[in-house]
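# A structural walkthrough
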Amino acid sequence: MLSVAEIMTREPYTLGPDDTLADARRLMNAHHIRHIPVVSAERTIIGLVSHRDVLAASDSTLESHHEDHAAVPLSAVMSSPVQTVDEHASLRGAALHLQKHRMGCLPVTRDGALVGIITDSDFVAIAIHLMEQLELVEPEEGLEDVEDEF
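Residues numbered from 1 in each chain as written. Predicted model: local features only at pLDDT ≥ 70, side-chain atom pairs only at ≥ 80, totals over all residues. Heavy atoms only, no water.

### Notes on the confidence of the model for the protein chain
Averaged over every residue, the pLDDT of the protein chain is 86; residues scoring 70 or more account for 84%. Across the protein chain, strand S2 (residues 35–39) holds the top mean pLDDT of 97, while helix H3 (residues 61–64) sits lowest at 50. (pLDDT = per-residue confidence, 0-100. Helix = DSSP H or I, 4+ residues; strand = E, 2+ residues; numbered from the N terminus.)

Below you can see the structure in the form of structure tokens.
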């Protein structure tokens, strides 16, 4: 059985609840990521901010209540509580959970502390790899017809 720990991104980029929307935007743009776990000083996950959350907050009246729109704290826009997965959980189970709940990621924990993140993009990469492997072992198209003629 493959576990989440085998494909998760270890030590994901994180921010704290007092960091801002501007901080989240910068981090997402700099590292081409769509999800940022929001953690306490003890690395306990307390929220999650997605690219969609950042965009929605930027368009909302939430920012208009702040003089400096970039100063909106993540605690005001983050999703909480956050569903997480243990690093030893089955990869298949995590994929089914993401699909069933239409989630883009699951933060990965060990003894309650954040140790990684697994995203829908990770599962797309696995699917591509598996398709490539299948293409290597499948007979070439039309080859069966040639064999039948002999």
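### Description of the sheet that holds strand S1 (residues 9–10)
One open sheet holds the 4 strands; their spatial order is S1-S6-S5-S4, and the pairing between them is mixed. The two strands at the open ends of the sheet, each matched to only one other strand, are S1 and strand S4 (85–86). Alignment of S1 against strand S6 (residues 113–119), held across 2 bridges, turns out to be antiparallel. Directly across from Thr9, in S6, lies its bridge partner Ile117. Relative to the sheet, helix H4 (residues 91–100) contacts strand S5 (105–110) and S6, its axis offset from that of S5 by approximately 140 degrees. Here helix H5 (residues 120–137) sits on the sheet in contact with S1 and S6, set at roughly 50 degrees to S6. (Pairing = 2+ DSSP bridges. Contact = heavy atoms within 4.5 Å. Axes fitted to C-alpha atoms, helices over the stretch in contact; angles between N-to-C directions.)

### Some points on H4
For H4, the complete set of buried residues consists of Leu91, Ala94 and Leu98. The arc that holds every buried residue of H4, seen down its axis, measures 65 degrees, which confines them to one face. Exposed residues on H4 whose side chains face more than 90 degrees from its buried face are Arg92, Gln99 and Lys100. Just downstream of H4, Arg102 is the residue with a positive phi angle, here 50 degrees. (Buried < 20%, exposed > 50% of the residue type's maximum accessible area, 1.4 Å probe, protein only. Arc of directions from axis to C-beta.)

### Considering a nonpolar patch on the surface
There is a patch of nonpolar side chains on the surface, built from Val124, Ile128 and Met131 and spanning about 270 Å² of accessible area. Take Val124: it is sitting in helix H5. (Patch = residues over 30% accessible without salt bridge, like charges linked within 9 Å, V, L, I, M, F, W, Y side chains within 5 Å. Areas by Shrake-Rupley, 256 points an atom, 1.4 Å probe, with all protein chains shown as cover. Salt bridge = Lys/Arg side-chain N within 4 Å of Asp/Glu carboxyl O.)

### As for the environment of Val115
With respect to the helices, strands and loops of the structure, Val115 is situated in strand S6. Owing to a relative accessible area of 15%, Val115 belongs among the buried residues under this scheme. Once the C-alpha coordinates of Val115 and Ala5 are considered, the two residues, 110 residues apart in sequence, prove to be 9.1 Å apart. Once you skip the residues sitting within four places of it in the chain, Val115 turns out to touch Met8, Thr9, Arg10, Glu11, Pro12, Glu87, Val108, Thr109 and Arg110.

### Overview of the nonpolar core
Counting 14 residues, the largest nonpolar core has Leu21, Val49 and Leu74 as the members making the most contacts within it. When neighbours within four sequence positions are excluded, Leu74 is seen to be in contact with Leu15, Gly16, Pro17, Asp19, Thr20, Leu21, Ala24, Val38 and Val49. (Core = buried A, V, L, I, M, F, W, Y, C linked by side-chain atoms within 4.5 Å.)

### Here we look at the pattern of salt bridges
In total, this model carries 3 salt bridges according to the counting rule given. Notably, a salt bridge pairs Arg34 with Asp120, separated by 2.6 Å at the nearest N-O pair. You can see Arg34 sitting in the loop between helix H1 (21–31) and S2 and its partner Asp120 sitting in helix H5, a full 86 residues away along the chain. Accessibility expressed as a relative area gives 40% for Arg34, which makes it partly exposed. What makes Asp120 partly exposed here is its relative accessible area of 29%. In this structure, Glu87 and Arg110 form a salt bridge, with 2.5 Å as the shortest nitrogen-oxygen distance. Here Arg110 lies in strand S5 and Glu87 lies in the loop between S4 and H4, a separation of 23 residues in the sequence. Here Arg110 falls in the partly exposed class, since its relative accessible area comes to 39%.

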